[in-house]
Amino acid sequence: MASVSGKELCRQFRVLKQMLSIHAILRDRYSWRALFIDIILLACSVIFCATTFARDDVFTYLGFSPRDVRYVLGIASIFAFFASLVALRSDWKGKSARHKDAGQKLGKVLSLFREYRKEDGSWPQDRMADLHRAYWEAMNNIVEVPDRLFVALKSRHLRKVELSKMSDLNPGCPVLVLRLVLFFRTITRSFREKAEIVEEATDVPQAKNTK
């Protein structure tokens, strides 16, 4: 195997932390969606079971029109059937499980990187090949992150990192305030960099005309 540079291991270490965060986000996102569908189906099932053998006079006693109740139950049954189809087609539980598995594999490799990392941020020469091999073994055996979601998830991870740094420097500041500060700071820096690019682009033709 070709020698692995310390720069490449630093990149892999950074990517591991980023991908672990992204898979954790997707794991929780799909898990919450699956839980929401399960709660809806469970609630509908309880309502259907409780009203199946109820007589019309029970609804009248409760102040409801029996015919309106039947309409509502019919609509609810259609909604529950549609929710079950969504759960079956989307497979949110399966997706959550796959991203959970990816997080576990990446976490093990990340722990190896942290275990052998020296105080100066480098790794022992005799461990570089093993770490490099473990990195690619994990990356090649986990579920992929959808391309359409990657940029947004990467941005969310980077925001989390910046918020963590800001929280370390300002432990008493509310997270909402830190989020607002980070938002306006990022917007300001983005406009400043764009203005510098435009200024450099306009300076090039002027420099050519002066020759």
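Remember, it's a predicted structure, so these values are computed and weren't measured experimentally.

(A) Representation of helix α4 (residues 92–116). For α4, which comprises 25 residues, the first-to-last C-alpha distance of 36 Å matches the rise-based estimate of 36 Å (1.5 Å per residue) to within 8%. Among all positions in α4, only W92, G94, S96, H99, A102, G103, L106, V109, L110 and F113 are buried. Those residues of α4 that are buried are in contact with α1 (6–51), α3 (66–90) and α5 (128–139).

(B) Focus on the layout of surface pockets. Counted as a void, the largest pocket has a volume near 200 Å³. Considering the residues around the largest pocket, the lining is formed by L158, R159, E162, L163, R179, L182, F183, T186 and R189. Of all the secondary structure elements, the ones that give two or more residues to the lining of the largest pocket are α6 (147–169) and α7 (175–209). Among the elements that take part in the lining of the largest pocket, α7 stands out by supplying five residues, more than any other. The class makeup of the residues in the lining of the largest pocket is four nonpolar, one polar and four charged.

(C) Representation of the packing of α1 against α4 within the structure. Two numbers describe how α1 lies on α4: the axes approach to 8 Å, and their chain directions differ by 155 degrees. Judged by the angle between their axes, α1 and α4 are roughly antiparallel. Our pair here, α1 against α4, has a crossing hand that is left-handed. For the contact of α1 with α4, the residue count by class is 15 nonpolar, seven polar and eight charged.

(D) Fine view of the pattern of salt bridges. Inspection of the entire model under this criterion finds seven salt bridges. A salt bridge links R27 to D28, with the nearest nitrogen and oxygen atoms 3.0 Å apart. Residue K105 pairs with D101 through a salt bridge whose shortest N-O separation is 3.4 Å. Here the residue K105 and the residue D101 both occupy positions in helix α4, the gap between them amounting to four residues, near one helical turn. Residue K105 is classed as partly exposed on the basis of its relative accessible area, which comes to 32%.

(E) Seen up close, the packing of aromatic side chains. Using the criterion set out here, one finds five aromatic pairs in the structure. Ring geometry for F13 against F113: centres 6.2 Å apart, planes inclined by 20 degrees, an arrangement best described as stacked. Placement of the pair is F13 in helix α1 and F113 in helix α4, with a sequence separation of 100 residues. Residue F13 shares its accessibility class with F113, and that shared class is buried. Aromatic side chains Y135 and W136 sit 5.0 Å apart centroid to centroid with 80 degrees between the ring planes, which places their arrangement in the edge-to-face category. Classification of W136 by relative accessible area gives partly exposed; the value is 36%.

Procedures and definitions
Residues numbered from 1 in each chain as written. Predicted model: local features only at pLDDT ≥ 70, side-chain atom pairs only at ≥ 80, totals over all residues. Heavy atoms only, no water. Helix = DSSP H or I, 4+ residues; strand = E, 2+ residues; numbered from the N terminus. Expected span 1.5 Å × (residues − 1). Buried < 20%, exposed > 50% of the residue type's maximum accessible area, 1.4 Å probe, protein only. Contact = heavy atoms within 4.5 Å. 1 Å grid on protein atoms, 1.4 Å probe; cavity = no way out; pocket = protein on both sides within 12 Å on 5 of 7 lines; lining within 4 Å. Points joined across faces, edges and corners; volume = space filled by probe spheres on them. Nonpolar A, V, L, I, M, F, W, Y, C, P; charged D, E, K, R; others polar. Axes fitted to C-alpha atoms, helices over the stretch in contact; angles between N-to-C directions. Parallel < 35°, antiparallel > 145°, perpendicular 65-115°, else oblique. Left-handed = near helix turned anticlockwise from the far one by under 90°. Salt bridge = Lys/Arg side-chain N within 4 Å of Asp/Glu carboxyl O. Phe/Tyr/Trp six-rings, centres within 6.5 Å; stacked < 30°, edge-to-face > 60°.

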